[in-house]
Amino acid sequence: MSAKKKIVVVTGTRAEYGLLRPLMQLIQSDNQMELQLLVTGTHLSALHGNTLAEITKDGFTPTRTIDILKFQDSNLGIGQTIGLATAEFSKVFDELQPDLVILLGDRFEAFAVATAATVMHIPIAHLHGGELTFGAIDEAFRHAITKMAHLHFTSADEYAKRVIAMGEQPDRVFNTGAIGIDTINSIKFLTKEELENDLKFKFAKINFLVTFHPETIGDSSQKDFAELLSALDVISDATIIFTYPNADAGGNALIKMIDAYVASNKNRTSAFASLGQLRYLSILKNVQAVVGNSSSGIIEAPALKIPTVNIGDRQEGRIRANSVLDCAPIKNEIVAALHKIVDPEFIASCNTNENPYGNGTTATQIMNVIRKTDLKSLLKKKFYDVR
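Remember, predicted model here, so these are calculated numbers, not experimental data.

**Student:** Hey, could you run me through the side chain of Thr81 in this one?
**Tutor:** If you trace the backbone, Thr81 turns up in helix α3 (residues 75-96). Other than its neighbours up to four places away in sequence, Thr81 contacts Ile68, Leu69, Phe71 and Phe108.

This is the structure in structure tokens:
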């Protein structure tokens, strides 16, 4: 009997874990594969909700936990974290000797892991390559990971074409759709009553789910977020549910602004370090709009027919459904978008929107590719010239 394929999955944030979970479940249940789960980043951070507990609750046992958030919340701190993560993951890969490393997205943790895997001669499968996000340094990390990766699972055809244009062989690039749609199509959502009892808040007639991350190119995030908070003051009859930002440079300052705003508006606001995917998606399904600059407003919200107010440049460049309203981080523009988003005619138009990110079979498609691929043959890559 041939040895099992040792498949490493790396997760460093709550959102990334929620997306990867369907794929992890398939790997764990496959008798030809061994799941090696490496948990790092904000999963091990009290400030971000200690979401390692969510992973173990779901029935996964981490093969290793690697604490890398040891430095300041600054650009220098992120650079130091990348160096530490590269060193620590190189050691772990030397111990585990995996056959494939699976990475999702574009964050600095994933870039560090990809660097370590490249140096250790371990092939990489990358999800969500080829996308554009002009307002974040993640743009550079994503494309760098693409060039280090050996299998590519993109979320839309346009992105697959871009990965090929970057010199990747077409027979290694697969448009599988966005893996976040898999969970939306399979979970049993919590009801409004269950959410209210669990999270100790009450839905109103108008409810906004707000997630705002730092724009990591430039230094205007606090100013931009202040404009959003001022706009939310104008919609005074709306209930606001905040989720904390990622562990990007400047994220802690936004957390302090959220906490101060909630303290001053206790009657209509709540804030959560981490909701977990089930609660997050269940809230998303029951609000009138998602507001901020999170990728969930571009990918998951349209799949649930929920409108999005997307603020600023962080997500600029991504393909989006017509249910996404883009606006500048200026109070009056945000207020106008919030008013439009709750207009019955606009809400009705969202129900007929097509989500450009696939049909919810991404994890199965990825598994089919991994099963039939000779992983040992992946390391040697040739540059593909588009002519």
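Now, onward.
**Student:** Explain the sheet that holds strand β4 (residues 100-104) here, please?
**Tutor:** Sheet strands pair via backbone hydrogen bonds, and the direction of the pair is either parallel or antiparallel. Read from one edge of the open sheet, seven strands run β3-β2-β1-β4-β5-β6-β7, paired in parallel fashion. Each edge of the open sheet is held by one strand with a lone partner, namely β3 (64-66) and β7 (173-175). Across the sheet, the mean angle from the axis of one strand to that of its neighbour is 20 degrees, orientation sign disregarded. Sheet analysis places strand β5 (residues 124-127) next to strand β6 (residues 151-154), joined by three bridges and oriented parallel. Across the sheet, the residue bridging to Leu127 is Phe153, located in β6. This element, helix α6 (residues 157-165), spans β6 and β7 of the sheet and lies at about 170 degrees to β7.

**Student:** Help me understand the pattern of salt bridges, please; the structure alone is not making it clear to me.
**Tutor:** When charged atoms on two side chains of opposite charge get close, those side chains can pair. All told, the structure shown has 19 salt bridges when counted by the stated rule. Residue Arg371 is joined to Asp30 by a salt bridge in which the shortest nitrogen-to-oxygen separation is 2.9 Å. Here Arg371 is found in helix α15 (residues 362-372), whereas its partner Asp30 is found in the loop between α1 (14-29) and β2 (33-40), with 341 residues between them in sequence. Classification of Asp30 by relative accessible area gives buried; the value is 11%. For Glu168, the salt bridge is made with Lys381, and the minimal N-O distance between the two is 2.8 Å. Taken together, the residues Glu168 in the loop between α6 and β7 and Lys381 in the segment after α15 connect sequence positions 213 residues apart. Classification of Glu168 as buried rests on a relative accessible area of 3%. With a relative accessible area of 29%, Lys381 lands in the partly exposed category. Where salt bridges share partners, they join Asp106, Glu131, Glu139, Arg142 and Arg318 into one cluster.

What counts, and where the lines are drawn
Residues numbered from 1 in each chain as written. Predicted model: local features only at pLDDT ≥ 70, side-chain atom pairs only at ≥ 80, totals over all residues. Heavy atoms only, no water. Helix = DSSP H or I, 4+ residues; strand = E, 2+ residues; numbered from the N terminus. Contact = heavy atoms within 4.5 Å. Pairing = 2+ DSSP bridges. Axes fitted to C-alpha atoms, helices over the stretch in contact; angles between N-to-C directions. Salt bridge = Lys/Arg side-chain N within 4 Å of Asp/Glu carboxyl O. Buried < 20%, exposed > 50% of the residue type's maximum accessible area, 1.4 Å probe, protein only.

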